[in-house]
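Fold and geometry: a report
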2 protein chains.
Amino acid sequence: MAETPDSATETADSSSPGHDCLCPLGGVMDLLSRRYAMQLVCVVDAIGPARYGDIEATFEEVSSSTLSTRLEELVDAGILSREQYDEIPPRVEYELTETGEELGERLEPLLRWAEEIDETELATGQSKER
Amino acid sequence: MAETPDSATETADSSSPGHDCLCPLGGVMDLLSRRYAMQLVCVVDAIGPARYGDIEATFEEVSSSTLSTRLEELVDAGILSREQYDEIPPRVEYELTETGEELGERLEPLLRWAEEIDETELATGQSKER
DNA sequence: CAGAATCCATTCGGATACTG
DNA sequence: CAGTATCCGAATGGATTCTG
């Protein structure tokens, strides 16, 4: 398969014993490994400038505290941008940053696939291999 | 908790039944949202038939209990296959199932990107943009 | 070697209530 | 509308120990 060993930069990585490009353990992946994080990115991607209420409506089963925590994390990570309009009633719009869009592009195939798999598993009641 | 799209309310449903592709909330995504799950899939993808020890060595900071839990979950989900050879010393090899390979294909771009982002963020020290 | 089992600290996330 | 604050139970994941 495509096992690009990266361009072996002569700047020898001090910490990594041989392997390097396999698995980012912290950083963004940790964020994305939190509940609904990936889905959240995709939702904002899908509905464009998204207001809090829109997002909340999409995830009916998610509590507001969790949702706003996740949103805040994604904003802090530079994945989402938050635009606040001081009107009455107040309006806030979340959007993907450029980074966020890059992420979204990579997330979409995954979520699409996941959805498909879930359906077939629910249909057959079992996974393919066991 | 089975998530039915709640088609009972057909009265002016804002979300058309056509684009249901937004966000799988349960199923595989829940699994993948657990710690190291995605990285695990990619590692097995990368090193092919992977023995437990190899995997463990790749994630130096992950405890064996967590690792084996995650492995079991992925096997149960039909993403990894587990081949056990009754030798002495015992040998076990994990591999991606077909489903797993499909997943891996979608995961690889994501992890690659994540790695890249992490590096630039660490380098510049910034996590916010715009 | 490849884990299973156990125990436990921490974190996470849900419910609820309240605010600018 | 768009959250925040607080509380708390549940789940997660780590350390350690033990085993076929």
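In the annotation of an unreviewed UniProt entry, chain A is listed under the name Transcriptional regulator, HxlR family and assigned to Halopenitus persicus.

Before going further, it helps to spend a moment on the relation of the copies chain B and chain A. Of the transformation superimposing chain B on chain A, the axial component is 0.0 Å and the angular component is 180°, with the fit at an RMSD of 0.1 Å. A rotation of that kind, with that shift, is consistent with a two-fold axis. Within chain B, the C-alpha atom positioned nearest to the axis of rotation is that of B:Ser33, 2.1 Å from it. Most of the interface of chain B is mirrored in chain A: 93% of its interface residues are interface residues there too.

The next point concerns the protein's contact with DNA strand C. As a matter of local geometry, DNA strand C sits amid 19 residues, with A:Tyr36, A:Thr66, A:Arg70, B:Arg51 and B:Arg82 nearest to it. Within 4 Å of the protein, the atoms of DNA strand C are drawn from sugar and phosphate moieties in a proportion of 77%. A distance of 2.8 Å is found between a phosphate oxygen of DNA strand C and a side-chain nitrogen or oxygen belonging to A:Arg34. With respect to DNA strand C, the backbone of B:Pro90 contributes an N or O atom lying 3.4 Å from a sugar or linking oxygen. Only helix H4 (64–76) of chain A together with helix H3 (52–58), helix H4 (64–76) and strand S3 (91–96) of chain B provide two or more residues apiece to the surface near DNA strand C. Along the lines of polarity and charge, the residues of the surface near DNA strand C split into seven nonpolar, six polar and six charged.

Quick notes on the rules
Residues numbered from 1 in each chain as written. Chains lettered and ligands numbered in written order. Predicted model: local features only at pLDDT ≥ 70, side-chain atom pairs only at ≥ 80, totals over all residues. Heavy atoms only, no water. Least-squares fit on C-alpha atoms with pLDDT ≥ 70 in both. Contact = heavy atoms within 4.5 Å. Near = heavy atom within 4 Å. Polar contact = N/O pair within 3.5 Å; in protein donor to acceptor, adjacent residues only side chain to side chain. Helix = DSSP H or I, 4+ residues; strand = E, 2+ residues; numbered from the N terminus. Nonpolar A, V, L, I, M, F, W, Y, C, P; charged D, E, K, R; others polar.

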